[in-house]
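Below are the chains, spelled out letter by letter.
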Amino acid sequence: MVNNKKQTFSQFSILIIIIGVVLSALLFLAIDRQEKQRLFAEFQRDVDERTVSFRSEIELAFGSLYGIRGLFLASTNVDRQEFKTFVTPFLSNLPGVQALEWIPKVTNAQRLKFETDTQKEGFNSFQITQRQSQGSMVRAKKRQEYFPVHYLEPFQKNRAAFGFDLASSATRLETLEKSRDLGLLHATERITLVQEKGTQQGFLAFLPIYKGSTDSVEKRRQQLFGFALGVFRLGDIFEAAMEKVSRKELGIDIKLFDKSVTKDKQFLNHHKLQGDYELDNNFIFQKTITNIGGRDWLLVATPATSYISARRTLTPYLGLGAGLVITIILSLFLQSNTNKRLEVENLINIRTSELRDREEENRVIVEAAANALIMINHLGIIENFNPAAENMFGYTHDEVIGKNVKILMPDPNRSAHDGHLANYINTGVAKIIGKGREVEGQRKDGTIFPLYLAVGEREIKQQKKFVGFLLDITKQKEADRLKSEFISTVSHELRTPLTSIKGSLGLVAGGVMGEIPEKALKLLDKAVKNTDRLTFLINDLLDIDKMQTGDMELEIKPINCCKLLDKAISANQGYSDKFAISLQLVAEAQKGLSINGDENRLIQVLSNLISNAVKFSPENGNVELSISLNGDFVRISVKDHGPGISEEFKKRIFHKFAQGDSSDTRRQGGTGLGLAISKSIIEKQGGIIGYDTKLGEGSTFYIDLPKA
């Protein structure tokens, strides 16, 4: 009986052991599989975290280009210093940015003037260049259009690229033309930067800037003004993104590839681990990063064996060791499962908290923005409305969230908005998206005001979002109105009575009212001269206004150069006689030369140059006028033998209201507008105005106009 019980117990024990071993083995395999899934999920989260950081770093870098475009759209003339001041904060805060540049479109007809103007800024050897096969820079070959590097910061660090014609590089030109035709930011494939001295790969990102309508490819090509260009170092951007992750070194080897090009050009960057390591190829993870400046990049991540081993637990082995006792096995399994669940939940909570922190950072950035920012979905419903927008429109954030953006528009834009948005969603034809233009807004109190609107498109969680950046231009419009009123006043309220005053003074001085005492006659003569000066000033102001508004009309026709100079000399002979200055025409060898231009306006320009030369010539001196050929242009020169032009005045000689001599010894006043007006007149006729000068020996002003 006892033996039977022992045998039964033994058989039961064996059965228990067998069941326990089987259950332990099955449990071990199940836990091991779960362990690998957990490890791979954690690995994916770490890689996703780096991917998000990298995309964020790239988008911050691209944001600098949209800022540059806004600068050029908001100003009619951005000079080099303004550009430097504007981009310096971006360069300080964005690692991996080699340079930020302004790339104008320069036609072959504009090339000479463009190079000459840049040289006058102090870059005496400047020219549009291209790189030879051996790497040296040479003067760019003749082509229909050039896209030279004109403004770039930091300048000294990137000086090698100054003047480089991007159209001379097939890789850069292809991307540039895509960006121009699509009207979107576009990045190049990997390139070796002109200014790169190491082995790091880089890429360029182009953002087109237009001056006018861009509703078709043809118009975008015609209205192209230039490009905001970012020069980026891939390695620096990638490493900066890695450093922003909470755990900098996790034992993950990452390679970056460009899927948009052939296989031999796909490799972009390699984030290598430090020291000796072995990779675990069982955990390779690939992540596609879409639309990086119109390109799709691929991130391939492989963990080191140390990364995996550091995250493995003894749970499967503990389960196997304790599997002989079913109760213990179940207990350990439940405990292990509970621990793993808590660990996973805790990790999820950490990642969720980090994502919330990141969303909070983005929210703070949006709310702190100085300009109004509004985000809507594809139905036109407002989803974000920052404090600057609240101040602009008078609505609170809660009052507009969830409502159609039409509440911020007056009619007829309000009625047409939904149709425009639906048309873009269905056809992809943009009327506002990706562009900037002036529109009208309507505040909560019903007042309508002008604003400048730029709209960008983003895809967030596979849904289209539209972000509008708005700037209140009420003050600018008011300034334009006051300017127009002032010009009207000058034209109608000043010129007419001034003409009457001048005529009356002339009659009195001529003896109509009887004989005038000599002292009174001198006063009348002075009054007549002052009315002349006022008339000149008014006419100059009106000319400046016509040029700025585009109302100046020109009658272009062939003109004989010698006859033109004869008329100019005759028109200014009386003025030169007052100062005992001789006007001499040195043009015997070029009698047959003709130019295309507006004769009256050219006489105006020559009169200004001659009168300036007379004013600054020594008494009993002479002013020489000459004609010569300059390639496809005819050069007309006016030379004096005066004191020359100072270095300080050279920088502003063609600016409005610029005057070089403010001393008491000036023999004749002036408005300071003559050279500015002359420059506009010549350039509108396709010509160039310039000068050569030497202190103590005189100056020669010249105009180059197309040969007839």
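Residues numbered from 1 in each chain as written. Predicted model: local features only at pLDDT ≥ 70, side-chain atom pairs only at ≥ 80, totals over all residues. Heavy atoms only, no water.

S.K.: Got a sec to walk through the sheet that holds strand 12 (residues 285-289)? Specific residues and values, please.
M.R.: The strand order 11-10-13-12 describes an open sheet built from 4 strands, whose pairing is antiparallel. Looking at which strands have only one partner, the edges of the open sheet turn out to be strand 11 (267-271) and strand 12. Each strand of the sheet is rotated relative to its neighbour by a mean of 20°, with strand direction disregarded. Relative to strand 13 (residues 297-303), strand 12 runs antiparallel, the two being bridged by 5 bridges. Across the sheet, Ile289 pairs through a bridge with Trp297, a residue of strand 13. (Pairing = 2+ DSSP bridges. Helix = DSSP H or I, 4+ residues; strand = E, 2+ residues; numbered from the N terminus. Axes fitted to C-alpha atoms, helices over the stretch in contact; angles between N-to-C directions.)

S.K.: Outline the sheet that holds strand 25 (residues 698-706), supporting the account with residue identities and numerical values.
M.R.: Reading across the sheet, the 5 strands line up as 20-22-23-25-24 and stay open at both edges, with mixed pairing between neighbours. Each edge of the open sheet carries a strand with a single partner, namely strand 20 (582-586) and strand 24 (688-694). If you compare each strand with its neighbour and ignore which way they point, the axes differ by 20° on average. In terms of strand pairing, strand 20 meets strand 22 (residues 622-630) through 5 bridges, oriented parallel. Across the sheet, the residue bridging to Ser582 is Asn622, located in strand 22. Contacts from helix 15 (residues 561-578) reach strand 20, strand 22 and strand 23 (633-639), with the element oriented near 170° to strand 20. Contacting strand 24 and strand 25, helix 18 (residues 674-684) crosses the sheet at an angle of about 135° to strand 24. (Contact = heavy atoms within 4.5 Å.)

S.K.: Quick one: what's the story with the pattern of salt bridges, residue by residue and with numbers?
M.R.: A full pass over the atoms with the stated rule returns 29 salt bridges. Across the pair Asp704 and Arg635 runs a salt bridge, and its minimum N-O distance is 2.8 Å. Of the two residues, Asp704 is situated in strand 25 and Arg635 in strand 23; the sequence distance between them amounts to 69 residues. Linking Glu697 and Lys694 is a salt bridge whose minimum nitrogen-to-oxygen distance equals 3.7 Å. Taken together, the shared-partner salt bridges in this structure form one network comprising Glu35, Arg38, Glu42 and Arg311. (Salt bridge = Lys/Arg side-chain N within 4 Å of Asp/Glu carboxyl O.)

S.K.: Account for the environment of Phe62, naming residues and giving values.
M.R.: Relative to the helices and strands, Phe62 resides in helix 1 (residues 2-74). Residue Phe62 is classed as buried on the basis of its relative accessible area, which comes to 8%. Linking Phe62 and Ile292, residues 230 residues apart in sequence, is a C-alpha distance of 9.4 Å. For Phe62, the contacting residues outside a window of four places in its chain are Leu185, Phe203, Ala205, Phe232, Ile292 and Gly293. (Buried < 20%, exposed > 50% of the residue type's maximum accessible area, 1.4 Å probe, protein only.)

S.K.: I'd like to hear about the state of the cysteines, residue by residue, with values.
M.R.: This structure, assessed with the given rule, holds 0 disulfides. No disulfide involves Cys561; its sulfur sits 7.1 Å from the nearest other cysteine sulfur, which is in Cys562. By relative accessible area, Cys561 is classed as buried at 0%. Residue Cys562 is classed as buried on the basis of its relative accessible area, which comes to 11%. (Disulfide = S-S within 2.5 Å.)

S.K.: How would you sum up a nonpolar patch on the surface? Please name residues and give values.
M.R.: Among the surface-exposed residues, Ile14, Leu15, Ile18, Ile19, Val22, Leu23 and Leu26 lie close enough to one another that they form a single nonpolar patch of about 590 Å² accessible area. Looking at the secondary structure, you find Ile19 in helix 1. (Patch = residues over 30% accessible without salt bridge, like charges linked within 9 Å, V, L, I, M, F, W, Y side chains within 5 Å. Areas by Shrake-Rupley, 256 points an atom, 1.4 Å probe, with all protein chains shown as cover.)

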